[in-house]
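# Structural features, examined
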Amino acid sequence: MMWVPHGLPPYWMLSPGISREAGSADLTPHERRVVRLLSLGCTLREAAAILREDPSATQRVKRTAMSKTRARNIARLTRYAIQSGLSPLDDELTPAEARRCAAAGP
């Protein structure tokens, strides 16, 4: 029988790609906003336009959030956002976000 620390599920019950530590990732409010926008399908350029910041700053925040959540790609970051409640399945861009996103161009 495998010993499991109290309060932690066995490794086979954890979602693939999301480590045990990822659930306790301490994201800043700004990192949460960037993760939400990326999980909704925004590109870095669009997310930067929505947040009114430089795309390189958004890239740094994305990289930090991916490191904290141990997500290796956007798909796993999106999975983290859904599982942690950052981006519910029925979440959409607000009208203001959609306008800024459209203004960012292709």
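An account of the accompanying structure is given in this report.

Quick notes on the rules
- Residues numbered from 1 in each chain as written.
- Predicted model: local features only at pLDDT ≥ 70, side-chain atom pairs only at ≥ 80, totals over all residues.
- Heavy atoms only, no water.
- Axes fitted to C-alpha atoms, helices over the stretch in contact; angles between N-to-C directions.
- Helix = DSSP H or I, 4+ residues; strand = E, 2+ residues; numbered from the N terminus.
- Parallel < 35°, antiparallel > 145°, perpendicular 65-115°, else oblique.
- Left-handed = near helix turned anticlockwise from the far one by under 90°.
- Contact = heavy atoms within 4.5 Å.
- Nonpolar A, V, L, I, M, F, W, Y, C, P; charged D, E, K, R; others polar.
- Disulfide = S-S within 2.5 Å.
- Buried < 20%, exposed > 50% of the residue type's maximum accessible area, 1.4 Å probe, protein only.
- Polar contact = N/O pair within 3.5 Å; in protein donor to acceptor, adjacent residues only side chain to side chain.
- Salt bridge = Lys/Arg side-chain N within 4 Å of Asp/Glu carboxyl O.

The subject of this paragraph is the packing of helix 1 (residues 29-39) against helix 4 (residues 74-84). Axis separation between helix 1 and helix 4 bottoms out at 9 Å; the angle between their running directions is 115°. The orientation of helix 1 with respect to helix 4, classified from their angle, is roughly perpendicular. Judged by the twist between their axes, the crossing of helix 1 over helix 4 is left-handed. Residues Val35, Leu38 and Ser39 of helix 1 touch helix 4, and the partners they reach there are Ile74, Leu77, Thr78 and Ala81. When its residues are assigned to classes, the contact of helix 1 with helix 4 shows five nonpolar, two polar and no charged.

On to the state of the cysteines, then. Overall, the coordinates contain zero disulfides when judged by the stated rule. Counting only cysteine sulfurs, cysteine 101 is the nearest neighbor of cysteine 42, a cysteine outside any disulfide, at a range of 4.5 Å. When its relative accessible area of 8% is taken as the criterion, cysteine 42 is described as buried. Take cysteine 101: its relative accessible area is 13%, and that puts it in the buried class.

For the rest of this paragraph, the subject is the side chain of glutamate 31. You can see glutamate 31 is positioned in helix 1. Only 2.8 Å separates the side chain of glutamate 31 from the backbone nitrogen of threonine 28, close enough to count as a polar contact. Beyond its immediate stretch of four places on either side in the chain, glutamate 31 contacts Asp26, Val61, Thr64, Ala65 and Lys68.

A few words now on the pattern of salt bridges. Tallying each qualifying case throughout the model produces three salt bridges. For the salt bridge of arginine 36 with aspartate 91, the shortest nitrogen-to-oxygen distance reads 2.9 Å. Placement of the pair is arginine 36 in helix 1 and aspartate 91 in the loop between helix 4 and helix 5 (95-103), with a sequence separation of 55 residues. Taken together, the shared-partner salt bridges connect Arg36, Asp91 and Glu97 into one network.

Any functional reading would require information that these geometric values do not contain.
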